[in-house]
Amino acid sequence: MVLHPFYTLALVLGPYFPFEGYMGYYFAKFSFFHKFQSTCLSSVTFWNAVPTFWLSDADAIKTVHASRNAFPKEVEAYETINIYGPNMVGTEGIEWKRHRHVANSAFNEANNAFVWRETIRVVDEWFEEIDNAKQNAPGETSVDLLKDLTQVTLLVIASAGFGHRVSFKEDLNTDPPPGQKLAFRPAVTATLHHVLIKAIIPKALWNLSDRMYLPLISPLVTSCRESFAALGFHMHEVIASARDLIANDKGATMDSALLRNLVQANMVNDASDTSKHLTDDDLLSNTFASGEYTLAVFNETLRLFPPVARLGKKVQVDTTLTARRFDTDAEGKISNVEKYDVELKTGSFVVIDIRALHFNRASAVHLSLSLLTKFYTY
């Protein structure tokens, strides 16, 4: 492989490179594993010859996840999402435990219920706007689904995640608050657009633009910094408000927004053990990184379109994993599945291919043919 499969450049170019038919192709699902008749494949990176093992086997992946010391997270790949500082996703070891201790209590059922309520509220307001538009203009009413659903998503995240509650109609007002260049939603949108810029511009060029003007680079760096600073301003306002309510014994009046939950959990830990205290920027960074039939629909959607396609782990200890090999016939049907051991040496790299795992038919040979045909397509 030309690129390390889990570093920033590979993640940014993932949808475009490697090309179809090559190892690491982003949209391959289980097809490569099916072609080579195994749930574990191996490759080597071109530049440093690091053995890389691609896993789509549920048992092997469970072993990797259960052995944090033997398979630590590849934290270098998460530098891009350390937006305001370290967070639970981009840390490992003792630092990860410190973040998890605070964040763990913030993710609760009250927050989940609040997400549902805010989603229903925003969607109802969206439908009301559509009805009003139809009444004012009889006949067909066109709806820009990409634009409107993006706005709905951002409003739910802003309210349930950041504690910034705005109605669908009020959100159309993009006038910035006094002393600021961007209102909340434009700040969120601009920040999301600039995440990619922050990822692909090397730190050396980023720092050099502070000392001299670089054509193309300096304007991008400036706009990127302004968007992150604008969003940070709005987030720090929420933190200050939550801290003030809690300090005055009015915490019960707060809603269950994730950021406010983090502030509350952090203040409890700060009082009991200052070593577990997180800074305000740590809290912001952690916020970024977070019916039976309805649940079944959600789970199936996440299986088909996982928000995280791959995870990378370093091999710190010589380990043996259990994978599966199998036979395929002319129609692509899998048979004769058998387990075998895979030896991983220290210094190797493991890629957990979540998309391939979710389409792994070798682990589902016990299902009926109708279910396989319906749910497992390459």
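Everything quoted here is computed from the prediction, not taken from an experiment.

Asker: An account of a nonpolar patch on the surface is requested, with residue identities and associated values reported.
Answerer: Judged by side-chain polarity, V2, F46 and W47 come together as a nonpolar surface patch covering roughly 410 Å² of accessible area. For F46, the location among the structural elements is in the loop between strand 1 (40-44) and strand 2 (51-55).

Asker: Break down the sheet that holds strand 2 for me, with residues and values.
Answerer: Here we have 4 strands laid out as an open sheet, ordered 1-2-6-3, and mixed in their pairing. The outermost strands of the open sheet, each flanked by one partner alone, are strand 1 and strand 3 (310-314). If you compare each strand with its neighbour and ignore which way they point, the axes differ by 25° on average. One ladder, built from 5 bridges, connects strand 3 with strand 6 (residues 349-353); its direction is antiparallel. Bridge pairing in strand 6 places K313 opposite V350. The sheet contacts of helix 3 (residues 58-66) involve strand 2, strand 3 and strand 6, and relative to strand 6 the element is tilted by about 120°.

Asker: Kindly report on helix 4 (residues 93-106), identifying the contributing residues and their values.
Answerer: The end-to-end C-alpha distance of helix 4, which contains 14 residues, comes to 20 Å, matching closely the 20 Å that a straight helix rising 1.5 Å per residue would cover. At R100, helix 4 shows its maximal kink, close to 30°.

Asker: Provide a residue-level description of unusual backbone geometry, including the pertinent values.
Answerer: Most of the time, phi is negative for any residue but glycine, and the peptide bond is trans. A cis amide bond links F17 to the next residue, P18, at an omega of 5°. Following the sequence through the fold, P18 ends up in the loop between helix 1 (8-13) and helix 2 (31-35). Unusually for a residue other than glycine, K29 sits at a positive phi of about 55°. Mapped onto the elements of the fold, K29 is located in the loop between helix 1 and helix 2. With relative accessibility at 23%, the residue K29 sits in the partly exposed group. The phi torsion at N336 lies on the positive side, around 50°, for a residue other than glycine. Looking at the element boundaries, N336 is found in strand 5 (residues 334-344).

Asker: Quick rundown of the packing of aromatic side chains? Include the residues and the values.
Answerer: One pass over the structure, following the stated rule, counts 7 aromatic pairs. Each ring, one from Y25 and one from F27, has its centre 5.9 Å from the other, and the planes form 70°; the classification is edge-to-face. An aromatic cluster is present here, built from Y25, Y26 and F27 joined pairwise through their rings. A cation over a ring is seen here: R68 above W96, with NZ or CZ 3.8 Å from the ring centre. Here the guanidinium or amino end of R325 rests over the ring plane of Y340, the centre of that ring lying 4.0 Å away.

Asker: So what about the packing of helix 8 (residues 203-211) against helix 9 (residues 217-247)? Which residues, and what values?
Answerer: For the pair helix 8 and helix 9, interaxial distance at closest approach is 10 Å and the crossing angle is 95°. As far as their axial angle goes, helix 9 and helix 8 are roughly perpendicular. Of helix 9, the residues touching helix 8 (which contributes L205, W206, S209 and D210) are I217, S218, V221, C224 and R225. Classifying every residue of the contact of helix 8 with helix 9 by side-chain character gives 5 nonpolar, 2 polar and 2 charged.

Asker: Account for the pattern of salt bridges, with residues named and values stated.
Answerer: Counted by the stated rule, this structure contains 11 salt bridges. For the salt bridge of K147 with D148, the shortest nitrogen-to-oxygen distance reads 3.7 Å. Each member of the salt-bridge network shares a partner with another, and the members are D57, D59 and R324.

Asker: Describe the environment of Y25, and please don't skip the residues or the numbers.
Answerer: Among the secondary structure elements, Y25 is positioned in the loop between helix 1 and helix 2. The sequence separation of Y25 and P15 amounts to 10 residues, and the corresponding C-alpha distance is 7.9 Å. When neighbours within four sequence positions are excluded, Y25 is seen to be in contact with P18, F19, E20 and R310.

Asker: For the environment of V351, give the residues involved together with the corresponding values.
Answerer: Relative to the assigned elements, V351 resides in strand 6. Here the alpha-carbon distance between V351 and K314, two residues 37 residues apart in the chain, equals 8.9 Å. In contact with V351, other than residues within four places in its own chain, are P5, T52, F53, W54, L55, R310 and L311.

Asker: Before we move on, could you go through the packing of helix 5 (residues 109-136) against helix 6 (residues 145-160) and cite the residues and values that matter?
Answerer: Taken N-terminus to C-terminus, the directions of helix 5 and helix 6 make an angle of 145°; their axes are 9 Å apart at the nearest point. For helix 5 against helix 6, the interelement crossing comes out right-handed. Between helix 5 and helix 6, the contacting residues are N111, F114, V115, E118, T119, R121, V122, V123 and W126 on the first element and L145, D148, L149, V152, L155, V156, S159 and A160 on the second. Counted by class, the contact of helix 5 with helix 6 contains 11 nonpolar, 3 polar and 3 charged residues.

Asker: I'd like a rundown of the pairing of strand 4 (residues 319-328), residues and numbers included.
Answerer: In summary, the side chains of a regular strand alternate between the two faces of the sheet. As defined by bridge partners, strand 4 adjoins strand 5 across 9 bridges and the pair is classed as antiparallel. In the sheet register, R325 faces strand 5, and the bridge partner there is E338. The antiparallel pairing of strand 4 with strand 5 creates a hairpin that spans 5 residues between the two strands, and G332 there sits at a positive phi of about 90°.

Asker: An account of the side chain of S348 is requested, with residue identities and associated values reported.
Answerer: Locating S348 in the fold gives a position in the loop between strand 5 and strand 6. At 2.8 Å, the side chain of S348 and the backbone oxygen of K345 are in polar contact. Every residue in contact with S348, bar those within four places of it in the chain, is listed here: V50, P51, F53, K314 and V315.

The rules behind the values
Residues numbered from 1 in each chain as written. Predicted model: local features only at pLDDT ≥ 70, side-chain atom pairs only at ≥ 80, totals over all residues. Heavy atoms only, no water. Patch = residues over 30% accessible without salt bridge, like charges linked within 9 Å, V, L, I, M, F, W, Y side chains within 5 Å. Areas by Shrake-Rupley, 256 points an atom, 1.4 Å probe, with all protein chains shown as cover. Salt bridge = Lys/Arg side-chain N within 4 Å of Asp/Glu carboxyl O. Helix = DSSP H or I, 4+ residues; strand = E, 2+ residues; numbered from the N terminus. Pairing = 2+ DSSP bridges. Axes fitted to C-alpha atoms, helices over the stretch in contact; angles between N-to-C directions. Contact = heavy atoms within 4.5 Å. Expected span 1.5 Å × (residues − 1). Bend = angle between axes of the 7 residues up to and from the residue. Buried < 20%, exposed > 50% of the residue type's maximum accessible area, 1.4 Å probe, protein only. Phe/Tyr/Trp six-rings, centres within 6.5 Å; stacked < 30°, edge-to-face > 60°. Lys NZ or Arg CZ within 6 Å of the ring centre and 35° of its normal. Parallel < 35°, antiparallel > 145°, perpendicular 65-115°, else oblique. Nonpolar A, V, L, I, M, F, W, Y, C, P; charged D, E, K, R; others polar. Left-handed = near helix turned anticlockwise from the far one by under 90°. Polar contact = N/O pair within 3.5 Å; in protein donor to acceptor, adjacent residues only side chain to side chain.

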